[in-house]
Amino acid sequence: MKLFIYHTPELTPTDNLPVCAIAVDVLRATTTMATALNNGAEAVQVFSDLDKLMAESEKWPADKRIRAGERGGAKVDGFDMGNSPFDCTPENIEGKRIFISTTNGTRALQRVETCRIVLTAALINRKAVVQFLLSKQPETIGIVGSGWEGSYSLEDTVCAGAIAHSLLTESGIPATDFAGNDEVFAAIALYLQWQNQLHQLLESASHGQRLLRLGVIEDLKYCAQTDILDVVPIQRELGVL
Ligand code: 3SL
């Protein structure tokens, strides 16, 4: 296994894509997706375009679907929910399909949608994703941070570092064989420095500040937890590795 970390969708190469890609948007898309699946959502279908989301979800029975839309951190008018993991209670979403579009998380997924395996990860399901990777042993893995409108996000890189650190430790692969690019070492260093203060890191991050201005303090605390959900959201899994 060789790991590459790309801080944003824009920094992700378009050729030589990894066998397995992992989209990360700790605040909050991939945290919300993991929570929705853990709490019984039938599936999560991701769209970058709101009109396409409306058209596709229209084909689904109204009592079996949830439309989730976020732009600029706020819920899109007319949608059932925004992008808060707290909207994903079992009462709200059990047995339903979530049709979701968010500002950056969906763009990261789109960038790697042709990889043979496409997963999403957040801090809350880091361990489950690492166990999945250890069982599959893909030759190359790329973690793509969602960033914010093309720029770097601390919270996505610290999550990439958390995954990288755990995978490196558990696989026993020498670090220089394991790391496909320098970002891997940098992300691990960031994680090791902040691993006991992830909530503070999320609060310091520019998107954390944006969400605090929107008053979603509890979301930040929730998103900063590690390894609390045993769920691996798989967007796509094709053929042999
Ligand atoms: O950009 C995204 O995809 C969202 O996760 C942003 S927010 O946390 O819902 O504001």
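Since we're looking at a predicted model, the values are computed, not measured.

*Asks:* Hey, could you run me through the sheet that holds strand β4 (residues 65–71) in this one?
*Replies:* Where strands meet in a sheet, backbone hydrogen bonds hold them as pairs that are either parallel or antiparallel. Taken in spatial order, the four strands line up as β3-β6-β4-β5 in an open sheet, and their pairing is mixed. The sheet is open, and its two edges are formed by β3 (43–46) and β5 (74–75), each paired on a single side. As paired elements, β3 and strand β6 (residues 97–101) share four bridges and run parallel to each other. Within β6, the residue paired with Ala43 across the bridge is Arg97. Each of β3 and β6 is contacted by helix α1 (residues 29–38), which is oriented at about 150° to β3, the strand it contacts most. Relative to the sheet, helix α2 (residues 50–58) contacts β3, β4 and β6, its axis offset from that of β4 by approximately 175°.

*Asks:* Would you mind showing me how to read the site of the ligand here?
*Replies:* In the vicinity of the ligand, 14 residues are found, and the nearest of them are Asp25, Arg28, Asn83, Thr102 and Gly105. Asn104 is positioned with one of its side-chain polar atoms (N or O) 2.8 Å from an oxygen atom of the ligand. Interatomic distance of 2.7 Å between a backbone N/O atom of Gly105 and an oxygen atom of the ligand. When the ligand sits alone it has 290 Å² of accessible area, and the protein chains cover 100% of it. More than half of the atoms of the ligand fall within 2 Å of the grid points belonging to the largest cavity. For the shell around the ligand, a count of residues per class yields four nonpolar, seven polar and three charged.

*Asks:* Where do I start with empty space enclosed by the protein in this structure?
*Replies:* If a probe the size of a water molecule is rolled over the atoms, the empty space left behind becomes visible. Taken as a whole and judged by the stated rule, the model has one cavity of 30 Å³ or more. Looking at the largest cavity, its volume works out to about 70 Å³. Considering the residues around the largest cavity, the lining is formed by 14 residues, among which Asp25, Leu27, Glu70, Trp148 and His207 are closest to the centre. Grouping the constituent residues of the lining of the largest cavity by class yields three nonpolar, eight polar and three charged.

*Asks:* So what exactly am I meant to see when it comes to the nonpolar core here?
*Replies:* Across soluble globular proteins, nonpolar side chains show a tendency to be buried alongside one another. Of all hydrophobic cores here, the largest spans 41 residues; its most connected members are Ile22 and Leu133. The greatest single-element share of this core, amounting to eight residues, is contributed by helix α6 (residues 154–171). Every residue in contact with Ile22, bar those within four places of it in the chain, is listed here: Leu119, Thr120, Ala121, Val129, Leu133, Ile141, Gly142, Ile143 and Val144. Cys88, Ile93, Val112 and Cys115 belong to the second largest nonpolar core, which has 22 residues in total.

*Asks:* Explain helix α8 (residues 182–194) to me, please; I cannot follow it from the model alone.
*Replies:* Residue pairs three or four apart in sequence face the same way in an α-helix, which turns once every 3.6 residues. If you check α8, its first and last C-alpha atoms are 19 Å apart, about what 13 residues at 1.5 Å a residue would give, namely 18 Å. Among the residues of α8, those classed as buried are Val184, Ala187, Ile188, Leu190 and Tyr191. All buried residues of α8 fall inside an arc of 160° around its axis, so they share one side. Facing away from the buried side of α8 by more than 90 degrees, the exposed set consists of Asp182 and Gln193.

*Asks:* Would you mind going over the packing of α6 against α8 with me for this structure?
*Replies:* When two helices pack together, their arrangement is captured by the angle between the axes and the distance separating the axes. Between α6 and α8, the shortest axis-to-axis distance is 7 Å and the interhelical angle comes to 100°. The angle between α6 and α8 places the two elements in the roughly perpendicular class. In contact with Leu154, Thr157, Val158, Ala160, Gly161, Ala162, Ala164, His165 and Leu168 of α6, α8 contributes Val184, Ala187, Ile188, Leu190, Tyr191 and Leu192.

*Asks:* Even after reading the chapter, I still don't get unusual backbone geometry, so can you show me in this structure?
*Replies:* A negative phi holds for most residues other than glycine; trans holds for most peptide bonds. Put simply, Leu27 and Arg28 share a cis peptide bond, and its omega is -5°. Along the chain, Arg28 falls in the loop between β2 (20–24) and α1. In this structure, Gln137 is a non-glycine residue whose phi angle is positive, near 50°. Mapped onto the fold, Gln137 is located in the loop between α5 (126–136) and β8 (140–145). Of note, Asp227 is a non-glycine position whose phi angle comes to about 60°, a positive value.

Parameters at a glance
- Residues numbered from 1 in each chain as written.
- Predicted model: local features only at pLDDT ≥ 70, side-chain atom pairs only at ≥ 80, totals over all residues.
- Heavy atoms only, no water.
- Pairing = 2+ DSSP bridges.
- Helix = DSSP H or I, 4+ residues; strand = E, 2+ residues; numbered from the N terminus.
- Contact = heavy atoms within 4.5 Å.
- Axes fitted to C-alpha atoms, helices over the stretch in contact; angles between N-to-C directions.
- Near = heavy atom within 4 Å.
- Polar contact = N/O pair within 3.5 Å; in protein donor to acceptor, adjacent residues only side chain to side chain.
- Areas by Shrake-Rupley, 256 points an atom, 1.4 Å probe, with all protein chains shown as cover.
- 1 Å grid on protein atoms, 1.4 Å probe; cavity = no way out; pocket = protein on both sides within 12 Å on 5 of 7 lines; lining within 4 Å.
- Sits in = over half its atoms within 2 Å of the grid points.
- Nonpolar A, V, L, I, M, F, W, Y, C, P; charged D, E, K, R; others polar.
- Points joined across faces, edges and corners; volume = space filled by probe spheres on them.
- Core = buried A, V, L, I, M, F, W, Y, C linked by side-chain atoms within 4.5 Å.
- Buried < 20%, exposed > 50% of the residue type's maximum accessible area, 1.4 Å probe, protein only.
- Expected span 1.5 Å × (residues − 1).
- Arc of directions from axis to C-beta.
- Parallel < 35°, antiparallel > 145°, perpendicular 65-115°, else oblique.

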